[in-house]
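Chain by chain, the residues:
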Protein chains: 2
Amino acid sequence: GPLKEVLFFPSPQVCIEHLFTSHMRFPCACPLPHGVKTSFSRLMEHLLSTRTSLDLCIFSFSNMELSRAIFLLHKQGVIIRVVVDREYMSITGSQIGALRKAGINVRHEMSSAVHMHHKFALVDGRKLISGSLNWTLTGVQSNKENVIVTEEPELVRPYQLEFLKLWEASDPA
Amino acid sequence: GPLKEVLFFPSPQVCIEHLFTSHMRFPCACPLPHGVKTSFSRLMEHLLSTRTSLDLCIFSFSNMELSRAIFLLHKQGVIIRVVVDREYMSITGSQIGALRKAGINVRHEMSSAVHMHHKFALVDGRKLISGSLNWTLTGVQSNKENVIVTEEPELVRPYQLEFLKLWEASDPA
Ligand SMILES: [Zn+2]
Ligand SMILES: [Zn+2]
């Protein structure tokens, strides 16, 4: 059947440099453990597998490794659309300002009384990544969190429609 | 294939009294709309379908209608286990104290530096309800939220194992 995967967090901190640099000339010299697969490295692999389009609906986005992945995809020509919460997009450490400066399309929830509390991503319109995990450092490294990754059309399709609805109803940031 | 459903929130406020009282002698006289199906009424139907066991991992639980459902299931003899966040279990409006007073088994995350940020339920060990939705009034009625409901074994099984791990590792509240 179609891909169905569950990732649990917290995820131990390991080196994921090889995910960004496909041909490393020298072994990485950083102090983190190398060659270890974790929930986070798996999540990054799924995101970095994007070829054409990435749609993100993320309440809180401050994780530097995740934003590095988004910047890399943007550089590779992937069409990226981001819907964020109005209040959380400008808190300390938020990566949303940097995404906008890089030319990535960001929109925010219009009402300040309502939170855009989703945390999901759609990779190439056919792979859903969704769960309790915000894209923060605490989310990844400290909290008890879960993420479902699936290509099951019955689950992916409703999120695609919901994304388009939110995208149309949100303000350009 | 096995059940796969996605519910999106916010959900409009409608009367769900019929879900609690199977044989109502008189039509309900409350001012809310009647006979309307919503994401929230569907979520309640899934929860109230529990026959033997309900395992909950919920970061924030203050919604009175959801706690009414839990109390009803408890009265019907359903074995209920609840894992909650240590910090959020005692905030204003939390239903956790009331659950414990009713004799429901509640445990909390041991470390205060770490948040138990899950929001999932396992109905009879075979139906998973998981997403971004906390069991609060804002979550249900105001926020943009999502919940996946599925009986897909590949998705349910990992959550069952995770629940048992958290249950064993948590303190009786
Ligand atoms: Zn390294
Ligand atoms: Zn009524």
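For the structure, check the block above.
Quick summary incoming for the structure in this document. Because the structure is predicted, anything quoted here is derived from the model rather than measured.

Quick look at the layout of surface pockets
- Of the volumes computed, that of the largest pocket is approximately 560 Å³.
- Around the largest pocket, the lining comprises 24 residues; the ones closest to its centre are Phe-59, His-117 and Asn-134 of chain A together with Phe-59 and His-117 of chain B.
- Put simply, the parts of the chain that give the lining of the largest pocket at least two residues each are helix H5 (137–141) of chain A together with helix H5 (137–141) of chain B.
- Residue composition of the lining of the largest pocket, grouped by class: 6 nonpolar, 16 polar and 2 charged.
- Considering only enclosed or pocket space, the second largest pocket measures out at about 150 Å³ in volume.
- Around the second largest pocket sit Glu-109, Met-110, Glu-162, Lys-165, Leu-166, Ala-169 and Ser-170 of chain A together with Phe-8, Phe-9, Pro-10 and Lys-144 of chain B, which together line it.
- Those elements that place two or more of their residues in the lining of the second largest pocket are helix H6 (153–169) of chain A together with strand E1 (4–9) of chain B.
- Here the lining of the second largest pocket gets 4 residues from one element, more than from any other, and that element is H6 of chain A.
- For the lining of the second largest pocket, the class distribution of residues is 6 nonpolar, 1 polar and 4 charged.

A closer look at the coordination of the zinc ion (ligand 1)
Residue and element names in this part refer to chain A.
- Each protein donor to the zinc ion (ligand 1) is listed here as Cys-15 (SG), Cys-28 (SG), Cys-30 (SG) and His-34 (NE2); together their distances run 2.1 to 2.2 Å.
- If you look at the zinc ion (ligand 1), its 4 donor atoms make angles of 101 to 116 degrees with each other, and the shape they trace is tetrahedral.
- A residue is classified by how much of its surface remains accessible, and Cys-28, at 25% relative accessible area, is partly exposed.
- By relative accessible area, Cys-30 is classed as partly exposed at 28%.

Some words on the packing of aromatic side chains
- According to the stated counting rule, one finds 8 aromatic pairs over all chains in the structure shown.
- Ring centres of Phe-8 of chain A and Tyr-159 of chain B lie 5.2 Å apart, and the angle between their planes is 75 degrees; on these two criteria the pair is classed as edge-to-face. Of this pair, Phe-8 of chain A sits in strand E1 (residues 4–9) while Tyr-159 of chain B is found in helix H6 (residues 153–169), placing the two residues in two different chains.
- On the basis of relative accessible area, Phe-8 of chain A is assigned to the buried category, the value being 15%.
- By relative accessible area, which is 0% here, Tyr-159 of chain B ends up buried.
- Measuring from ring centre to ring centre gives 5.9 Å for Phe-163 of chain B and Trp-167 of chain B, while their planes differ by 15 degrees; the resulting arrangement is stacked. Residue Phe-163 of chain B and its partner Trp-167 of chain B are both found in helix H6; the two are separated by 4 residues, about one turn of the helix.
- A relative accessible area of 0% places Phe-163 of chain B in the buried class.
- The buried category is assigned to Trp-167 of chain B, whose relative accessible area is 7%.
- One residue, Arg-68 of chain A, lies across the ring of Phe-20 of chain A, its end atom 3.9 Å from the ring centre.

A few points about the sheet that holds strand E3 (residues 79–84) of chain B
- What the 8 strands build is an open sheet, ordered E1-E7-E6-E5-E2-E3-E4-E8 (chain B); its pairing is mixed. Looking at the sheet topology across the chains shown, the edges are occupied by E1 and strand E8 (171–172) of chain B.
- With 6 bridges joining them, strand E2 (residues 53–58) of chain B and E3 of chain B adopt parallel strand pairing. Paired with Cys-57 of chain B across the strands is Val-83 of chain B, a residue of E3 of chain B.
- The strands touched by H6 of chain A are E1 and strand E7 (145–150) of chain B; relative to E1 of chain B, the strand with the most contacts, the crossing angle is about 20 degrees.

Section: the interface of chain A and chain B
- Taken together, the contacts link 31 residues of chain A with 31 residues of chain B.
- Each partner contributes to the roughly 2700 Å² buried at the junction of chain A and chain B, and carbon and sulfur atoms together form 62% of this total.
- The three residues of chain A that bury the most area against chain B are Lys-4, Phe-8 and Lys-144 of chain A, which together make up 24% of that side's buried surface.
- Of the charged contacts in the structure, one is a salt bridge between Lys-4 of chain A and Glu-154 of chain B, with a shortest N-O distance of 3.5 Å.
- Applying the counting rule to chain A against chain B returns 18 residue pairs in polar contact (both at pLDDT 80 or more).
- The set of elements that each furnish at least two residues to the side of chain A that touches chain B consists of E1, strand E5 (119–123), strand E6 (127–131), strand E7 (145–150) and H6 of chain A.
- With 6 residues, H6 of chain A is the largest single contributor of residues to the side of chain A that touches chain B.
- Taken together, the residues of the side of chain A that touches chain B break down into 12 nonpolar, 10 polar and 9 charged.

How each quantity is defined
- Residues numbered from 1 in each chain as written.
- Chains lettered and ligands numbered in written order.
- Predicted model: local features only at pLDDT ≥ 70, side-chain atom pairs only at ≥ 80, totals over all residues.
- Heavy atoms only, no water.
- 1 Å grid on protein atoms, 1.4 Å probe; cavity = no way out; pocket = protein on both sides within 12 Å on 5 of 7 lines; lining within 4 Å.
- Points joined across faces, edges and corners; volume = space filled by probe spheres on them.
- Helix = DSSP H or I, 4+ residues; strand = E, 2+ residues; numbered from the N terminus.
- Nonpolar A, V, L, I, M, F, W, Y, C, P; charged D, E, K, R; others polar.
- Donors = N, O, S within 2.8 Å, 3.2 Å for Na, K, Ca; no water.
- Tetrahedral: all angles 85-135°; square planar, octahedral: opposite > 155°, others 65-115°.
- Buried < 20%, exposed > 50% of the residue type's maximum accessible area, 1.4 Å probe, protein only.
- Phe/Tyr/Trp six-rings, centres within 6.5 Å; stacked < 30°, edge-to-face > 60°.
- Lys NZ or Arg CZ within 6 Å of the ring centre and 35° of its normal.
- Pairing = 2+ DSSP bridges.
- Contact = heavy atoms within 4.5 Å.
- Axes fitted to C-alpha atoms, helices over the stretch in contact; angles between N-to-C directions.
- Buried area = accessible area lost by both parts, 1.4 Å probe.
- Salt bridge = Lys/Arg side-chain N within 4 Å of Asp/Glu carboxyl O.
- Polar contact = N/O pair within 3.5 Å; in protein donor to acceptor, adjacent residues only side chain to side chain.

Taken by themselves, the reported measurements are silent on function.
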